[in-house]
Amino acid sequence: MGGGKSARAACDGWLCFEDEAGFTRRPPTGRTWGRRGTTPVVKVCGRGSGRISVAGLLAMRPGSRTRLCHRVLRHSGRRGERRSLSERDYIGLIDGLHHLVRAPIVLVWDRLNTHVSHAMRDLINARDWLTVFVLPAYAPELNAVEYLWAHVKRSLANLASVALDRLETLVRNRLKRLQYRSDVLDGFLAATGLSLDLPPPSP
């Protein structure tokens, strides 16, 4: 993707991983303490619908602080409402990062249909500072943002949220805290096992 643009042309830019996640009023299941022989039970309200969709972007460059950008959308569950992020939502997130770092971006993400659609391809081709690589199918362990979602969902385990707006606030707060924890963000990148091979210095 990206009209044949090469990664070497963007070697002075930022390497970014992107992924998305959904959060509902049914909390992730986590381990906890309880009386022997008695399984702890967390009661949640089954009424209502809706979900929180989040796109996360981890950006790194040698010698710079790792950055986390995200976009959060709340879906109320009304008839005819889109239940996922659109191409414009994703490209808005990427444009926001580019405005922040003012450098070329090499983006790595999965094969979600919105990522590889014709509309997205046109948006990518219109940005000469953006180079995109698509991960192999069924390889979530290579995407650093997958580890970010595991960390956030673990912090929300067994939480009985009573309202969708409250859940949105909690997700935003978790992500905002992580924006200031570059050491934790670096850990997500290291968990992929990928290494960044820099080009040899110019003679």
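Cut-off values and rules
Residues numbered from 1 in each chain as written. Predicted model: local features only at pLDDT ≥ 70, side-chain atom pairs only at ≥ 80, totals over all residues. Heavy atoms only, no water. Helix = DSSP H or I, 4+ residues; strand = E, 2+ residues; numbered from the N terminus. Contact = heavy atoms within 4.5 Å. Areas by Shrake-Rupley, 256 points an atom, 1.4 Å probe, with all protein chains shown as cover. Salt bridge = Lys/Arg side-chain N within 4 Å of Asp/Glu carboxyl O. Phe/Tyr/Trp six-rings, centres within 6.5 Å; stacked < 30°, edge-to-face > 60°. Buried < 20%, exposed > 50% of the residue type's maximum accessible area, 1.4 Å probe, protein only. Lys NZ or Arg CZ within 6 Å of the ring centre and 35° of its normal.

Trainee: It is not clear to me how the overall build of the chain should be interpreted in this structure. Could you clarify?
Mentor: Scanning the chain from terminus to terminus reveals 5 helices and 5 strands. Listing the helices and strands of the chain from first to last along the sequence gives β-β-β-α-β-α-β-α-α-α. Within the chain, counting contacts between residues at least 6 apart in sequence, those at least 24 apart form 76% of the total. Element-wise, carbon and sulfur atoms account for 50% of the exposed surface of the chain, whose accessible area totals about 12300 Å².

Trainee: Even after reading the chapter, I still don't get unusual backbone geometry, so can you show me in this structure?
Mentor: Negative phi values dominate among residues other than glycine, just as trans dominates among peptide bonds. Backbone geometry places Arg102, a non-glycine residue, at a positive phi of 50 degrees. By secondary structure assignment, the location of Arg102 is in the loop between helix 1 (87-101) and strand 4 (105-109).

Trainee: In this structure, what is going on with the pattern of salt bridges? I would like to understand it.
Mentor: Opposite charge on two side chains lets them pair, provided their charged atoms get close. In this structure the tally under the stated criterion is 4 salt bridges. Taken together, the shared-partner salt bridges in this structure form one network comprising Arg74, Glu168 and Arg172.

Trainee: It is not clear to me how the packing of aromatic side chains should be interpreted in this structure. Could you clarify?
Mentor: Given two aromatic rings, one states the distance between the centres and the angle between the planes to describe the pair. Taken as a whole, this structure holds 2 aromatic pairs when the rule is applied. Consider the rings of Phe23 and Trp149, whose centres lie 6.4 Å apart with planes at 75 degrees: the pair is edge-to-face. In this pair, Phe23 is assigned in strand 1 (residues 14-23) and Trp149 in helix 3 (residues 144-155), connecting sequence segments 126 residues apart. For the pair Phe23 and Trp149, one class covers both residues: buried. Geometry around Phe23 places Lys153 over its ring, the cationic atom sitting 5.5 Å from the centre.

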